[in-house]
Amino acid sequence: LWRRAGTDVVATLPDAKDVQELRGGAAAVWLGLDEPTNTAELTRLLAEVYTMDPAVIAGDVEVAVEKLMQVGLVVAS
Amino acid sequence: VTRTVLDKIERAVMAIAAHGLDGVQEPDPFRPSDAEWNQMLARISLERISGLAMESARLGSLALDDRQLDELLELHRGAMVWALRVEQKIITLAAMFDNEGIRFAVLKGASLAHTIYSESCLRSFADVDLLVGTGDYRRVCGLLERAGHVRRQPEPRPGFDVRFGRASVHKNPSDGVEVDLHRTPGWGPFGLWVDPEELLDRREAFVLAGRPIGRLNDAGVLLNVAMHASLGARPPKLVPLRDILQVMARGEIEWDLLARWARDWRLAAVLQHAFTTASGTLHAPVPVPARGFLVVRAPKREIRALKAYTDEGRERGGAALATLRAVPGVSDKLAYAAALVLPDREFLTARVGPGPTPHLRRWRVPVGWARARIAGLGRRSKRPAPDPARNR
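This one's a predicted model, so the numbers in the text were calculated from it and none came from an experiment.

A.B. asks: Provide a residue-level description of the nonpolar core, including the pertinent values.
C.D. replies: As a rule of thumb, soluble globular proteins bury nonpolar side chains together. Of all hydrophobic cores here, the largest spans 114 residues; its most connected members are L222(B), I244(B) and F275(B). Counting residues per element, this core draws most heavily on helix α4 (residues 66–100) of chain B, which supplies 11 residues. With near-sequence residues (within four places) excluded, I244(B) lies in contact with L222(B), V225(B), A226(B), A229(B), A274(B), F275(B) and A278(B). In terms of nonpolar packing, the next biggest core, distinct from the first, is built from 17 residues, A11(A), L46(A), A64(A) and L73(A) among them.

Structure, rendered in structure tokens:
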């Protein structure tokens, strides 16, 4: 369950108590995960959309994905 | 705040509510002063159009400074978090109803946000509206109670809900989410004329967290939002008006089916009123396939029933009288009238507050009618008798 709120995203799970507020890069990562993908592909996509060097954002993308996995909003398949 | 300022704010709020609709011209950018913005933000919140306001700000027709934009974003974020809470509730209830084999449809709110709006964040909502079959109504009331929901107001008399009622409100005190449980989507006489079972038979689904959830088909959605706009709050709220134009433009409506329902369920006057009001208020044209509904001559009975909701008499018992006229059969009419005039004490206390003479306070409205009638008769009897010579 999620909604866009400006450039931010709010998201939660059907039975979760908390609603996660994703801002900046984390929101971009979430929106980039519209289709199942891997971290490398996601980094390439975001770098293209935001015209940035993939090497510069790779670390941030990895951290954001990990945090989303920790709260259960993203699952590995 | 002067009248001119209020008009300016009103126009800007209407423009937000109409943002992106087909045939609506993008307005010149509106830059509110701080005083205007404070008024506007309150209206945006009241009308629940923060998503459309965010979109208007993004595309420039609402030109906000950083502080104003922050305030709007804060309001919108809150509305979206609440929408997720409401959707969590829908998922919980859907699982519960599916287990019990109860068929239901989500009305308005989430079902519109996820189907007829281009993005779910454009349509805010505050509660869950559910339509269930009359046969399941009591069982669902029990299930809601088991899930921690408390009914806001008891029925006037046992059995009233399933014979004449429209909906009951059940709030969960621990999460604050309200469920409006509908037995029929229409108010008063229109609720009695509509066949909710056919609406449920023609249900479709929308997806929430990967799970299919029942909703009305788009013809049913249009019927429901039109009733909401014409028979609900007076004057109508902007979101139901927007919903009408949105579903007309984006929905896959079986227009022949809608025309049959309008005829069979005596809704021609309601649809005409709703379409005209939506188009007139938001300055958006009625789409071509819906224009046929504007030229239909609605029967007098429907127009009279509609007036009971759109005129000032509504709050003075007009709606109850219109319903009484529509209740079929003498015994049912008597049961309906008795429930309204002599309801259970528990209902009265919830309705008019505790006190020694709740029935007397309840009777103020019908006593007022009777006094007005008697005064009218008196006036008529004082007219001079016509001079027969003048008729020759």
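A.B. asks: Can you break down empty space enclosed by the protein residue by residue, with the values?
C.D. replies: Residue and element names in this part refer to chain B. According to the stated counting rule, one finds 2 cavities of 30 Å³ or more in the structure shown. Within this model, the largest cavity holds a volume of roughly 40 Å³. Each pocket or cavity is described by its volume, and for the second largest cavity that value is around 40 Å³. Lining the second largest cavity are R48, I49, L52, Y117, L122, R123, S124, V239 and R242. Residues that form the lining of the second largest cavity fall into these classes: 5 nonpolar, 1 polar and 3 charged.

A.B. asks: Tell me about the interface of chain B and chain A, and please be specific about residues and values.
C.D. replies: In many reports, interface size means the accessible area that the parts give up when they come together. Contacts between the two partners involve 21 residues from chain B, matched on the other side by 19 residues from chain A. At the boundary of chain B with chain A, total buried surface from both sides reaches about 1,600 Å², with 57% on carbon and sulfur atoms. Interface area lost by chain B to chain A is led by R77(B), L84(B) and Q88(B), which between them contribute 39%. Between chain B and chain A we count 5 salt bridges in total. The closest approach of N and O atoms between E87(B) and R3(A), which form a salt bridge, is 2.5 Å. Linking chain B with chain A are 7 residue pairs in polar contact (both at pLDDT 80 or more). Mapped onto the side of chain B that touches chain A, the elements with two or more residues apiece are α3 (50–59) and α4 of chain B. The leading source of residues in the side of chain B that touches chain A is α4(B), at 11 residues. When the residues that make up the side of chain B that touches chain A are grouped by side-chain class, the tally is 12 nonpolar, 4 polar and 5 charged.

A.B. asks: Could you give me a rundown of the pairing of strand β7 (residues 211–215) of chain B, with the residues and numbers involved?
C.D. replies: All names here are of chain B. Examined bridge by bridge, strand β6 (residues 204–208) and β7 share 5 bridges and lie antiparallel to one another. Bridge pairing links V207 to P212 in β7. Here β6 folds back onto β7 in antiparallel fashion, the turn holding 2 residues, of which A209 has a positive phi close to 50°.

A.B. asks: A description of the environment of F30(B) should follow, citing residues and the corresponding values.
C.D. replies: Residue and element names in this part refer to chain B. For F30, the position within the fold is in the loop between α1 (3–17) and α2 (34–47). Counting along the chain gives 15 residues from F30 to A15, while the straight-line C-alpha distance between them is 9.8 Å. Once you skip the residues sitting within four places of it in the chain, F30 turns out to touch K8, A12, E36, M40, S61, L62 and A63.

A.B. asks: An account of the packing of aromatic side chains is requested, with residue identities and associated values reported.
C.D. replies: All names here are of chain B. One pass over the structure, following the stated rule, counts 10 aromatic pairs over all chains. Seen from their ring centres, F97 and F104 are 5.4 Å apart, and the 75° between their planes marks the pair as edge-to-face. Ring geometry for F160 and Y336: centres 5.8 Å apart, planes at 20°, overall stacked. With F160 in helix α7 (residues 160–164) and Y336 in helix α17 (residues 330–341), the pair connects residues that are 176 residues apart, well separated along the chain. Ring pairing ties together the aromatic residues F160, F164 and Y336, which thus form one cluster.

A.B. asks: Describe the side chain of T43(A), listing the residues and the values that go with them.
C.D. replies: Residue and element names in this part refer to chain A. Looking at the secondary structure, you find T43 in helix α2 (residues 39–49). On the basis of relative accessibility, which here comes to 6%, the residue T43 falls in the buried class. Not counting chain neighbours up to four residues away, the residues in contact with T43 comprise P54, I57, A58 and V61.

A.B. asks: Could you give an account of the layout of surface pockets, naming the residues involved and the relevant values?
C.D. replies: The computed volume of the second largest pocket comes to approximately 860 Å³. Surrounding the second largest pocket, 35 residues form its lining, W30(A), L33(A), D34(A), L73(A) and V74(A) being those nearest its centre. Among the secondary structure elements, those contributing two or more residues to the lining of the second largest pocket are β1 (2–5), α1 (24–32), α2 and α3 (54–70) of chain A together with β6 of chain B. Element by element, the count of residues in the lining of the second largest pocket is highest for β1(A), at 3 residues. Classifying every residue of the lining of the second largest pocket gives 20 nonpolar, 9 polar and 6 charged.

A.B. asks: Before we move on, could you go through the confidence of the model for chain B and cite the residues and values that matter?
C.D. replies: Residues and elements named next belong to chain B. Looking at chain B as a whole, the pLDDT averages 90, with 90% of positions reaching at least 70. Contacts for the low-pLDDT stretch residues 384–392, under 50 throughout, to residues beyond four places or in other chains number 0 contacts. Scoring the predicted complex yields pTM 0.87 and, for the interface, ipTM 0.89.

A.B. asks: Give me the sheet that holds strand β2 (residues 8–11) of chain A: which residues, what numbers.
C.D. replies: All names here are of chain A. Strand order across the open sheet formed by 3 strands is β1-β2-β3, with antiparallel pairing between neighbours. Sheet topology places β1 and β3 (20–22) at the edges, where each strand pairs with a single neighbour. Taken over all neighbouring pairs, the strand axes of this sheet differ in orientation by 20° on average, direction set aside. Pairing of β2 with β3 involves 3 bridges; the strand directions are antiparallel. What sits directly across from V10, in β3, is E21. Packing of α1 onto the sheet brings it into contact with β1, β2 and β3, and relative to β2 it is tilted by some 65°.

Reading the values: rules and limits
- Residues numbered from 1 in each chain as written.
- Chains lettered and ligands numbered in written order.
- Predicted model: local features only at pLDDT ≥ 70, side-chain atom pairs only at ≥ 80, totals over all residues.
- Heavy atoms only, no water.
- Core = buried A, V, L, I, M, F, W, Y, C linked by side-chain atoms within 4.5 Å.
- Buried < 20%, exposed > 50% of the residue type's maximum accessible area, 1.4 Å probe, protein only.
- Helix = DSSP H or I, 4+ residues; strand = E, 2+ residues; numbered from the N terminus.
- Contact = heavy atoms within 4.5 Å.
- 1 Å grid on protein atoms, 1.4 Å probe; cavity = no way out; pocket = protein on both sides within 12 Å on 5 of 7 lines; lining within 4 Å.
- Points joined across faces, edges and corners; volume = space filled by probe spheres on them.
- Nonpolar A, V, L, I, M, F, W, Y, C, P; charged D, E, K, R; others polar.
- Buried area = accessible area lost by both parts, 1.4 Å probe.
- Salt bridge = Lys/Arg side-chain N within 4 Å of Asp/Glu carboxyl O.
- Polar contact = N/O pair within 3.5 Å; in protein donor to acceptor, adjacent residues only side chain to side chain.
- Pairing = 2+ DSSP bridges.
- Phe/Tyr/Trp six-rings, centres within 6.5 Å; stacked < 30°, edge-to-face > 60°.
- pLDDT = per-residue confidence, 0-100.
- Axes fitted to C-alpha atoms, helices over the stretch in contact; angles between N-to-C directions.

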